[in-house]
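One-letter residues, chain by chain:
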Amino acid sequence: MEKGISEIDDDRFFIAKDGKTNANSELNATIDALFNESSFDDNATACRFPARKDWLKKELNITQLPEVVCQKYNTIVNRLNPKSVTLVFPSAHINSPASMFGHTFLRINSAYNSKLLSYAVNYAADANPDEENGVLFAVKGLFGGYYGRYSLLPYYDKLKEYRDSEQRDIWEYDLDLSEEEVLRMIKHIWELNETRSYYYFFTENCSYNMLWLLETARPSLHLREYFNYQVIPLETAHAANLENIIIKNFFRPSKRTTLLKYEELIDKKYIKMPILLSDSKMKIDKIMNNSDINTQQKRYIMEASIELLEYKFSKSEIEKKRYLKLFHELSKARATLGQGEKLDIKTPPNPIESHRAIKTTIGAGLRDGDVIGFLGIRPAYHDLEDSSYGFLRGTQIEFMNLELSYSDDDLEVENATILSIVSLAQRSEFFENFSWRTKFGWDRNSLDSTTSFIGTVGIGLSWGNKMGYIYIMADPLFYLGGEVKSAIGGSLGAVFDMYSYMNTNIEATRRWYDSGDTQYLLGISQNFKVLQNIQLKFKYDYKERNYFNQQDSENTFKINVNYYF
């Protein structure tokens, strides 16, 4: 209980009428119910609340309680056969705002060698973001408009959902919990079965509830104490790492990552073949009987075709009957080619080695020849100029980012972002993604130098390689200040991130305002990762201005030190 109030919002979880707000009353009601069972089967208090029963027996040295038979509970425990626990982190979904923070859930490992036969414990809002209005989903998620529910599903089902359908790489962190501690957690999960609590996107979310379960397994852990105002999925992995309970990690590439690897391996002259095969626009024999294609290339083509087919089926782009028929034909053809080279997908940087979410900034520089200083803070989470080490490339999500400037005893707001999301999904042979970005907040990028409210939603395209990526964007926007101004912006940008210790960002923008004015903006930054949570940034900004119909410009050079925690 936090401040004397339980975080569970379901009356079925409490025995006392005031159990949610009165722990002493709930304790006495539980003891009374355990000693005076009215049912001795699955409906018994001891069967509904096995964790409470065990805790009370230990703390109060209780030895004599009525005998009950908990058939359903015992069946679940035997099915799970719990031995250990893994914290699972599906990384960000590049084109889904609701999933750009990532997600966390727990895997209950059994004695089976295959982890795919284990079960996953998940907590999520009882809603489908794909079927609801995006704005409504966000608002209700922020303010507890949904109930959150626990679910217990086969792990392979969760893999299909995140790795295959949503194109999300998965990181697994094995935790240092004993069998006894794991069983204690299972008992708590059982007590929460079919109960519900209000789901809050930033606080009582999927990750927070996983931390809570880990603390029930080992009460000496203090995972939730790392968080005050927001619980970000990746930050929960950082917290587990700081508590020294991660003993091993494992990477599972997504369908997208796997297919991008095949793009590297298949010769350019054959790269369209997997697409044509998965769309039934090319006969399999045309490849299998082609003596100009060597055997290993045929293997890659057939394997990529199968991966593409599975991906399209997961996205409901192909009906089941046609999918099964084509899958059988492709698999049969691949089997005749014999064993080939194992697909070697390089493990990317571990997310727990990335920078933390909260950023503080201090800097100094020159603006049109005058000395100027900068101070800033951002509660969450990551932007394109931060080190992308451990993050999904081309993504940005910022909340409540504030940057102030001071010079000649004047303090000004340079930037006050409420929300900024960027998804620069690089296009490839197999994936023809669109890029998009949005921002709402205040900045100084308008025609004059005043800080004005901006709202913008843009769309574009992006392409990349190992050296970096480029993008073009079209951004309709409006400013609210002394008057309403609207404009359309066109941007060309490049990010060079080949080296893990530095990245270079360049963006040039041309804006056409409804007043007939035009404006040119240029931003260049050179960023160095000094340590995991320290960054040194050199930045130049050029902004065209229009004061009383007089054209002018503003040049700013600055050096910032960013510290993340």
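Rules used in this analysis
- Residues numbered from 1 in each chain as written.
- Predicted model: local features only at pLDDT ≥ 70, side-chain atom pairs only at ≥ 80, totals over all residues.
- Heavy atoms only, no water.
- Helix = DSSP H or I, 4+ residues; strand = E, 2+ residues; numbered from the N terminus.
- Buried < 20%, exposed > 50% of the residue type's maximum accessible area, 1.4 Å probe, protein only.
- Contact = heavy atoms within 4.5 Å.
- Areas by Shrake-Rupley, 256 points an atom, 1.4 Å probe, with all protein chains shown as cover.
- Axes fitted to C-alpha atoms, helices over the stretch in contact; angles between N-to-C directions.
- Parallel < 35°, antiparallel > 145°, perpendicular 65-115°, else oblique.
- Left-handed = near helix turned anticlockwise from the far one by under 90°.
- Nonpolar A, V, L, I, M, F, W, Y, C, P; charged D, E, K, R; others polar.
- Pairing = 2+ DSSP bridges.
- Core = buried A, V, L, I, M, F, W, Y, C linked by side-chain atoms within 4.5 Å.
- Disulfide = S-S within 2.5 Å.
- Phe/Tyr/Trp six-rings, centres within 6.5 Å; stacked < 30°, edge-to-face > 60°.
- Lys NZ or Arg CZ within 6 Å of the ring centre and 35° of its normal.
- Expected span 1.5 Å × (residues − 1).
- Arc of directions from axis to C-beta.

## Section: the overall build of the protein chain
In step 1: Across its full length, the protein chain holds 14 helices and 20 strands.
In step 2: Along the first, second and third principal axes, the C-alpha atoms of the protein chain reach 90 × 75 × 40 Å.
In step 3: Taking all 565 residues of the protein chain together, the buried fraction comes to 51%.
In step 4: Taking the contacts inside the protein chain whose residues are at least 6 apart along the sequence as the reference set, 62% of them involve residues at least 24 apart.
In step 5: When the accessible area of the protein chain is evaluated, it comes to approximately 28,100 Å², of which 54% is carbon and sulfur surface.

## Things to note about the side chain of N503
In step 1: With respect to the helices and strands, the residue N503 is situated in strand β17 (residues 502–513).
In step 2: For N503, a relative accessible area of 5% gives the class buried.
In step 3: Leaving out residues up to four positions away in the same chain, N503 has contacts with L384, E385, D386, S387, F496, D497, S525, Q526, N527 and Q535.

## Side note on the packing of helix α7 (residues 179–191) against helix α8 (residues 206–217)
In step 1: At a minimum axis separation of 7 Å, α7 and α8 run at an interaxial angle of 125°. Considering the angle they form, α7 stands oblique to α8. The chirality of how α7 crosses α8 is right-handed. Contacts from E181, R184, M185, H188 and I189 of α7 reach α8 at W212, L213, L214, T216 and A217.
In step 2: When the residues that make up the contact of α7 with α8 are grouped by side-chain class, the tally is 6 nonpolar, 2 polar and 2 charged.

## Brief notes about the pairing of strand β11 (residues 395–407)
In step 1: Relative to β11, strand β9 (residues 370–378) runs antiparallel, the two sharing 5 bridges. In the sheet register, I377 faces β11, and the bridge partner there is L402.
In step 2: Sheet topology places strand β10 (residues 380–382) next to β11; 3 bridges connect them, and they run antiparallel. Looking at β11, one finds that H382 is bridged to I397.
In step 3: Examined bridge by bridge, β11 and strand β12 (residues 410–423) share 12 bridges and lie antiparallel to one another. Paired with Q396 across the two strands is V422, which belongs to β12.

## Regarding the nonpolar core
In step 1: Of all hydrophobic cores here, the largest spans 63 residues; its most connected members are V85, L106, M185, L213, L214 and Y381.
In step 2: When residues in this core are grouped by element, the largest group, 7 residues, is from α8.
In step 3: Contacts of L214, omitting those with residues within four sequence positions, involve V85, L106, L175, L177, M185, L221 and L223.
In step 4: Residues Y262, M273, A304 and L326 belong to the second largest nonpolar core, which totals 29 residues.

## Some words on the state of the cysteines
In step 1: A complete count under the given rule lists 1 disulfide for this structure.
In step 2: Two residues share a disulfide in this structure: C47 and C70, whose sulfurs sit 2.0 Å from each other. Between C47 and C70, the disulfide has an S-S torsion of -85° and is therefore left-handed. Pair noted here: C47 is in helix α2 (residues 45–48) and C70 is in the loop between α3 (50–60) and α4 (71–80), with a separation of 23 residues, a long-range link.
In step 3: Note on C47: relative accessible area 2%, which makes it buried.

## Things to note about the packing of aromatic side chains
In step 1: Counted under the stated rule, the structure contains 25 aromatic pairs.
In step 2: A centroid spacing of 4.8 Å and a plane angle of 35° characterise the contact between Y540 and F557, whose relative ring orientation is tilted. With Y540 in strand β19 (residues 534–547) and F557 in strand β20 (residues 550–564), this pair connects stretches of sequence that are 17 residues apart.
In step 3: Clustering of aromatic rings is evident, with ring pairs tying together F101, F201, Y381, F391 and F399.
In step 4: The ring of Y155 carries R107 above its face, with NZ or CZ at 4.9 Å from the centroid.

## A few points about the sheet that holds strand β6 (residues 197–199)
In step 1: An order of β6-β4-β3-β2-β1-β5-β7 is seen for the 7 strands of this open sheet, with the pairing classed as antiparallel. Looking at the sheet topology across the chains shown, the edges are occupied by β6 and β7 (246–252). The sheet shows a mean angle of 35° between the axes of neighbouring strands, taken without regard to direction.
In step 2: Where strand β3 (residues 119–125) lies against strand β4 (residues 146–154), 7 bridges are found, and the strand directions are antiparallel. Within β4, the residue paired with A120 across the bridge is L153.
In step 3: Those strands touched by α8 are β1 (84–90), β2 (105–109), β3, β4, β5 (170–175) and β6, and its axis lies near 135° from that of β3.
In step 4: Sheet contacts for helix α9 (residues 233–242): β1, β5 and β7; angle to β1, the most-contacted strand, approximately 145°.

## So, helix α14 (residues 320–335)
In step 1: Look at α14: 22 Å from first C-alpha to last across 16 residues, which is about the 22 Å you get at 1.5 Å a residue.
In step 2: If you check which residues of α14 are buried, you get Y323, L326, L330, A333 and R334. Looking straight down α14, one finds that the buried residues subtend no more than 105° of arc, so they occupy a single side. Of the residues in α14, the exposed ones pointing more than 90 degrees away from the buried face are K320, K321, K325, H328, K332 and A335.
In step 3: As for α14, its buried residues are in contact with α11 (273–278), α12 (284–288) and α13 (295–314).

## Regarding the pairing of β3
In step 1: The buried fraction of β3 amounts to 6 of the 7 residues, a majority that puts the element mostly inside the structure.
In step 2: Bridge count for β2 against β3 is 3 bridges, and the pairing is antiparallel. Bridging across to β3, L106 finds its partner in V121.

## Examining unusual backbone geometry
In step 1: Cis geometry marks the peptide bond from A380 to Y381; its omega dihedral reads 15°.
In step 2: Mapped onto the elements, Y381 comes out in strand β10.
In step 3: With a phi angle near 55°, N61 is a residue other than glycine that sits in the positive phi range.
In step 4: Residue placement: N61 occurs in the loop between α3 and α4.

Any functional reading would require information that these geometric values do not contain.
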